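One-letter residues, chain by chain:
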Amino acid sequence: AGFYYALQTVRQLLPPDLRKDTNSQTQGWELPCVEITDHPRFGYRGLMLDVSRYFIPKATLLRTIDCMALLKLNKLHLHLVDDNGWRLEIKRYPRLTQVGAWRVKRDEPFPARKNPLPGEQTTEGGFYTQQEMKEIIDYAESRQIEIIPEIEMPAHTNSSLAAYPELACPVVKSFIGVIPGLGGKNAEIIYCAGNDSVFSFIENVLDEVMALFPSRYVHLGGDEAAKTHWKNCPLCQHRIQTENLANEEELQGYFMERVSRYVRSKGKTVMGWDELTNSKLPEGAVIYGWRGDGEAALKAAELGHPFILTPARTLYLIRYQGPQWFEPLTYFGNNTLKDVYQYEPVKDKWKPGYSQLLQGIQGSLWTEFCSTPQDVEYLIYPRLAALAEVAWSEKGKKDWTGFLSRLDRFNLHLSHKGIDYARSMYNIDHKVLPRNGELEVSLSCIRPDLEIRYTTNGDAPDGRSALYSTPLTIAGNCNLKAATFNGSEQKGEVLTLPVHFNIATAKPVTGENINTRLLTNGLRGSDRHTDGEWCGWYAQDGSFVADLGERQKITRVSLGSLNNFGMGVHPPRYVKLYLSDNGQSYHQVATIQRTQAQNFAEGTQAVDIHLDVHPQKGRFLKVEFGNPGKCPANHVRAQQDTWVYFDELIVE
Ligand code: ACM
Ligand code: ZN
């Protein structure tokens, strides 16, 4: 492996466009004269690919393996099973791929996709034959990469349950299909823990998996198992009694330990998500920490278990990698290139001993929002290069600007392979906030080697536009445009900030929610409720007060709200407006009610709520609003709580 990695370093130092076929091409090759002594910080330097939510074609896996090898990453964890598709041929159970690998076509974003109906055509999906997987394993092995198979259980298993519904608890009466989205209540359908034939099934599947994959590890998943049906299932309850278990959580412990014992009997080591720490850990299990900055895995470390960190907050590659206005849609949250690069897995507060148990780190790519190989590669690169440096380099060796110049060279290799890596690192983040009756605009880019240039007259910025250095102050309507430049070369997208002043703009807003200051920043949000322009309330009514500074004549008040069906974001059930001159005694001046049908529309749209006010003066404007309540029965999130989001308070 060491020799192979040395070659990769040489390869990185050479130009990307080496050609094997013509000698003349070698003329221009140049290598700096260097001496390098090198070794990795961690033995586990991984990437997880979720091939269930989106079936990643074999060719894309091979190209990913090439890039991992160039970056000296050495573990590829394949999430082969989930509610949305079973991706590996199992010869003994052909329906796993005949049925379980295929789902209905739904064109909505993942969270908004409705469950399949019985008899619907299932046209989307695919799977790897064992022969294809063997080729992938061999390809990886010759590049010093070990493929770790994950066969999820007991939850995230609607794909196998669609094929073999008798493996679910007998209390489940609903149709089980391969889920195209989040699944709502159907995601609570999991393997029955009281039915011995479930364990025979799993053992037979694992026999083929363990024969196919040379890895010493088998990942058994174990995350996010809803106990809804186990609570009502006579077989599961009988198991709890006969095994003397305290509750359904301990029943999962029994489930995982029983399968783990089988895996151990074959000489392999079990891995699982950090939910395995919720009950007795299977002997010897290696735990992947993903929740709470990965700290959930420390419970395993405390018991002497090896662990790997892949914290959702920093190393989940499904999250936005830059300013959300320019990115393809995902659930929420940002993990920028810089966030990944600056991640330090070992914390000062750790007990001695934990760091010896830390095997390494992993970037995990969940593919709910991917539908092409390009979508996958966009999310992987260039963050994979940052991950590789964190996994390889010693703590304290971090150098962000040095990394960027190395990255620019590495990206030439990506381009040469035809990979469209994300250029999010060139885009501008903005913050527009009220400050003493004016608006303060802060712009930033994670690349310190670029200049930010801007205009305020609506013209596109160029290399001669005003140079941004400190926050700008805006006192009236303005159409600000900005982009990053290297000299005269524009590097990122043009950020456009159309700032509109109304009576409330730049005025202070108070309320229990810290983000209410965004309501008077003169700027509307996008249709992304997590873009930094929205103020949200979950499962509760809310209120806030705007201080207009002096008595103002008011005729109309508008609130920008959002409807995002898939994410359970809906407009408020009612809005009530009150005015006051002293901020103490208020009188109601307008109210509006919205119906259930108006509030739970499908799709994603801005919904502006207008309230006409009988013209009158007042200084303090209080807004009270009602949460729309739980999602109705026909909703993808039936019975789940809802969010209300506002981006702007507009007073005229
Ligand atoms: C996970 O993100 N459910 C492991
Ligand atoms: Zn059961």
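One can find the structure itself at the top, above this paragraph.
Residue positions are counted from 1 within each chain, in the order its sequence is given. A letter from A marks each chain and a number from 1 marks each ligand, given out in the order of writing. Confidence filtering applies because this is a predicted model: local features only for residues at pLDDT of at least 70, side-chain atom pairs given and counted only at 80 or more, and all residues used for totals across whole chains, interfaces and linings. With hydrogens and water set aside, each side-chain value is computed from the structure's full complement of heavy atoms.

## Comments concerning the sheet that holds strand β14 (residues 438–444)
Next, step 1: Pairs of strands are assigned from DSSP output, requiring at least two bridges between the strands. Secondary structure elements follow DSSP: runs of H or I of four or more residues count as helices, runs of E of two or more count as strands, with numbering from the N terminus. One open sheet accounts for three strands, arranged β13-β14-β17; its pairing is antiparallel. Looking at strand neighbours, the two that pair on one side only are β13 (429–435) and β17 (472–474), the edges of this open sheet. The sheet shows a mean angle of 25° between the axes of neighbouring strands, taken without regard to direction.
Next, step 2: In this sheet, β17 lies alongside β14 in antiparallel orientation, the contact comprising three bridges. Comment: axis = line fitted to C-alpha atoms, over the contacting stretch for helices; angle = value between 0 and 180 degrees taken between N-to-C directions.

## Comments concerning the coordination of the zinc ion (ligand 2)
Next, step 1: Each metal site lists N, O and S donors within 2.8 Å (3.2 Å for Na, K and Ca). With water left out of the atoms, a site can look as if it is missing ligands. At 2.3 Å from the zinc ion (ligand 2) lie its protein donor atoms, namely Cys169 (SG), Cys192 (SG), Cys233 (SG) and Cys236 (SG).
Next, step 2: Note that the zinc ion (ligand 2) binds four donor atoms; their angles at the metal cover 106 to 112°, and the shape is tetrahedral.
Next, step 3: Between consecutive donor residues of the zinc ion (ligand 2), the sequence gaps follow C-x22-C-x40-C-x2-C. A residue pair is termed long-range when its members are at least 10 positions apart, and Cys169 in the loop between α5 (158–163) and α6 (196–212) and Cys236 in helix α8 (residues 234–242) qualify at 67 residues. The rule is simple: four donors are tetrahedral if all their angles sit between 85 and 135 degrees, four are square planar and six octahedral if opposite donors span more than 155 degrees and the others lie between 65 and 115, and anything that fits none of that is irregular.

## Quick look at the pairing of strand β10 (residues 286–289)
Next, step 1: For the exposure calls, accessible area comes from a 1.4 Å probe over protein chains only, and a residue counts as buried if that area is under 20% of its type's maximum, exposed if over 50%, partly exposed in between. Residues Val286 and Tyr288 point to one face of β10 and Ile287 and Gly289 to the other, with burial holding for every one of them.
Next, step 2: Inspection of the sheet shows strand β9 (residues 269–273) paired to β10 by three bridges, in the parallel sense. Note that in β10 the partner of Trp273 across the bridge is Tyr288.
Next, step 3: As paired strands, β10 and strand β11 (residues 307–309) are joined by three bridges and run parallel to one another. Note on β11: the bridge partner recorded for Tyr288 is Ile308.

## Some details on helix α4 (residues 130–141)
Next, step 1: Multiplying 1.5 Å by the residue count of a helix minus one yields the expected span of that helix. An ideal rise of 1.5 Å per residue puts 16 Å on twelve residues; α4 measures up with 16 Å between its terminal C-alpha atoms.
Next, step 2: Listed in full, the buried residues belonging to α4 are Gln130, Met133, Ile136, Ile137 and Ala140. Looking straight down α4, one finds that the buried residues subtend no more than 115° of arc, so they occupy a single side.
Next, step 3: Contacts from the buried residues of α4 go to α2 (58–70), β2 (75–79), β7 (146–153) and α6. It is the directions from the helix axis to the C-beta atoms whose arc is reported. In what follows, a contact means two residues having at least one pair of non-hydrogen atoms within 4.5 Å.

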